[in-house]
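# Remarks on the overall topology
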Amino acid sequence: CALPIYFLPLVRLLIEQTYHGVRVDVPRLQEYAASLRERLVEEHTKFLTHPEVADHIREFHRLTVEAVRAEEPERYKVRRIGAEPRKLRKDGQVSANWLKWSERVARPPEERADWRRWRARLDEISDPAHQPFNVSSTLDLNWLFIGQLQKEVLLRTPAGDPDLSEAVLKAYGGAAHALVDYRTTSKELSYVDKYLELVDGSNHLHPGWRAPGTVTGRLSGTNPNMQQAPKTAGCMECFIPREGTVWIDYDLSALEQVVLAELSGDPSLMRIYGPGAPANDVYLFVGSQLPVIGPQIKAAGYDPDNPTKEGIARAKKEAKAARSIAKVVTLASSYGAGWRKIHRTLRLDGVIIT
């Protein structure tokens with residue numbers, strides 16, 4: 001049984017991480033968080049002033065001001081002063097009722113609270129420095145990319161709305177790339193802020209783990225999820241080994257596919273990983289059988305029926321983009337993705353099939 005050999009050492013490692021924690025260079029992490037906030041402002045400005053969208057952003061500002069101006073409520077409360085009473089009493093003196101009435105008449109009208117709120121809102125958005133366009137608003141982004149820039153609706157959400165996820169924005173290019181940069185930095189900052197929130201008094205993070213934590217049996221993490229730590233140098237450099245220890249970085253080659261071949265005995269996978277199988281590359285193998293990218297991979301020197309080390313090396317270099325597409329499709333299908341997900345992935349990478 002492989003359980004004691006492979007699984008239990010992993011469990012011990014996870015327990016050690018949870019209780020001993022991962023050491024953090026907190027001052028450095030704080031500095032990195034500050035740099036991310038500065039970068040976020042720069043990337044936000046870069047997107048809003050991009051030549052492709054700048055005029056539309058200004059038009060959005062103008063339309064927003066007009067829309068708010070058109071919503072002006074009644075300014076003054078309704079004054080109930082009543083009919084003018086008799087001014088003089090029988091003795092010729094001015095009556096108290098008339099004095100009160102004349103005071104009400106002379107009193108200036110009182111502004112309504114909702115009008116004051118409207119006026120403050122109008123003054124705020126009328127300021128040229130104010131930016132009403134919300135880069136996190138689906139409605140605002142749809143107005144810009146689909147309505148104004150007339151971008152093709154590559155994908156739709158389950159609700160039928162245009163999909164403006166990072167993958168779609170990357171396919172659009174131009175100003176959309178600047179927006180992707182902004183979203184990436186914003187996401188990284190959210191992780192860094194979470195680390196600073198959870199770090200303990202001894203500058204350690206104590207990640208939680210669930211094994212298994214997903215329907216596929218994979219490990220998942222929580223508070224914080226260290227499996228999703230941003231893989232940027234700035235973030236990684238803030239995690240440091242405890243005294244007397246070092247970091248070890250390693251990766252298993254095609255782990256998922258090897259396990260699938262072992263457990264399923266699938267004929268195609270056994271051609272790659274089975275007994276006596278020649279050296280091969282699963283992503284080139286799968287990609288060579290797909291439409292559009294298959295001919296590109298074969299033209300680069302890869303032969304799925306007679307793979308050679310030279311052919312594999314050449315195809316990895318000359319058909320790098322095609323292999324990357326095949327890798328995504330292969331892993332997606334291995335983890336149970338349906339045809340819609342795979343079709344979406346292909347479409348965003350420029351592989352247009354029915």
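In this report, we go over the structure that sits alongside the text.

Rules of the game
- Residues numbered from 1 in each chain as written.
- Predicted model: local features only at pLDDT ≥ 70, side-chain atom pairs only at ≥ 80, totals over all residues.
- Heavy atoms only, no water.
- Helix = DSSP H or I, 4+ residues; strand = E, 2+ residues; numbered from the N terminus.
- Rg over C-alpha atoms; globule rule 2.2 N^0.38 Å.
- Buried < 20%, exposed > 50% of the residue type's maximum accessible area, 1.4 Å probe, protein only.
- Contact = heavy atoms within 4.5 Å.
- Areas by Shrake-Rupley, 256 points an atom, 1.4 Å probe, with all protein chains shown as cover.
- Lys, Arg positive; Asp, Glu negative; His and termini not counted.
- Charge placed at Lys NZ, Arg CZ, Asp CG, Glu CD.
- Polar contact = N/O pair within 3.5 Å; in protein donor to acceptor, adjacent residues only side chain to side chain.
- Core = buried A, V, L, I, M, F, W, Y, C linked by side-chain atoms within 4.5 Å.
- 1 Å grid on protein atoms, 1.4 Å probe; cavity = no way out; pocket = protein on both sides within 12 Å on 5 of 7 lines; lining within 4 Å.
- Points joined across faces, edges and corners; volume = space filled by probe spheres on them.
- Nonpolar A, V, L, I, M, F, W, Y, C, P; charged D, E, K, R; others polar.
- Axes fitted to C-alpha atoms, helices over the stretch in contact; angles between N-to-C directions.
- Parallel < 35°, antiparallel > 145°, perpendicular 65-115°, else oblique.
- Left-handed = near helix turned anticlockwise from the far one by under 90°.
- Patch = residues over 30% accessible without salt bridge, like charges linked within 9 Å, V, L, I, M, F, W, Y side chains within 5 Å.
- Salt bridge = Lys/Arg side-chain N within 4 Å of Asp/Glu carboxyl O.

### A few points about the overall build of the protein
For the protein, the helix and strand inventory stands at 16 helices and four strands. Computed over its C-alpha atoms, the radius of gyration of the protein comes to 32 Å, more than 25% above the 20 Å expected for a compact globule of 354 residues. For the protein, the spread of C-alpha atoms along the three principal axes comes to 125 × 55 × 35 Å. Out of the 354 residues belonging to the protein, those deemed buried represent 32%. Long-range contacts, defined as pairs at least 24 residues apart, comprise 60% of the intrachain contacts of the protein with a sequence gap of at least 6. Carbon and sulfur atoms provide 54% of the accessible area of the protein, an area that totals close to 22500 Å². Across the protein, the centroid of the 48 positively charged side chains sits 6 Å from that of the 45 negatively charged ones.

### What about helix H6 (residues 138-148)?
Within the span of H6, buried status applies to Asp140, Leu141, Asn142, Leu144, Phe145 and Ile146. In this structure, the buried residues of H6 make contact with helix H2 (26-48), helix H3 (54-69), helix H7 (166-172) and helix H8 (175-198). The N-cap residue of H6 is Ser137: its side-chain oxygen and the backbone nitrogen of Leu139 are 3.3 Å apart. Just past H6, the residue Gln150 takes up positive phi, approximately 55 degrees.

### Topic: the nonpolar core
Grouped together as the largest cluster of nonpolar side chains are 46 residues, with contacts concentrated most on Phe47, Phe133, Phe145, Tyr172 and Tyr195. Within the residue set of this core, elements represented by two or more residues are H2, H3, H6, H7 and H8. Per-element accounting of this core gives the leading share, ten residues, to H8. Sequence-distant contacts of Phe133, that is, excluding residues within four places in its chain, are made with Phe47, Leu48, Ile57, Phe60, Asp140, Leu141, Trp143 and Leu144.

### Observations regarding the environment of Thr222
One can find Thr222 in strand E4 (residues 220-222). Apart from residues lying up to four places away in sequence, Thr222 is in contact with Pro207, Gly208 and Arg210.

### With respect to the layout of surface pockets
Space inside the second largest pocket adds up to approximately 230 Å³. Around the second largest pocket sit Glu166, Ala167, Lys170, Val180, Asp181, Arg183, Thr184, Lys187 and Leu348, which together line it. Elements with a contribution of two residues or more to the lining of the second largest pocket: H7 and H8. By residue number, the principal contributor to the lining of the second largest pocket is H8, which donates five residues. Of the residues that constitute the lining of the second largest pocket, the class distribution is three nonpolar, one polar and five charged.

### Details of the packing of helix H10 (residues 255-264) against helix H15 (residues 320-334)
If you want to describe how two helices pack, look at the angle between their axes and the distance between the axes. H15 packs onto H10 with a crossing angle of 45 degrees between their chain directions and a minimal axis gap of 10 Å. The angle between the axes of H10 and H15 places the two elements in the oblique class. As for the relative orientation of H10 and H15, their crossing is left-handed in sense. Contact residues: H10 offers Glu256, Gln257 and Leu260, while H15 offers Thr330, Leu331 and Ser334. Here the contact of H10 with H15 is composed, by residue class, of two nonpolar, three polar and one charged.

### Let's talk about a nonpolar patch on the surface
Judged by side-chain polarity, Val246, Ile248, Tyr250, Leu252, Leu255, Val259 and Leu263 come together as a nonpolar surface patch covering roughly 810 Å² of accessible area. Here Tyr250 lies in the loop between helix H9 (233-236) and H10.

Any link to function would need more than the numbers given here.
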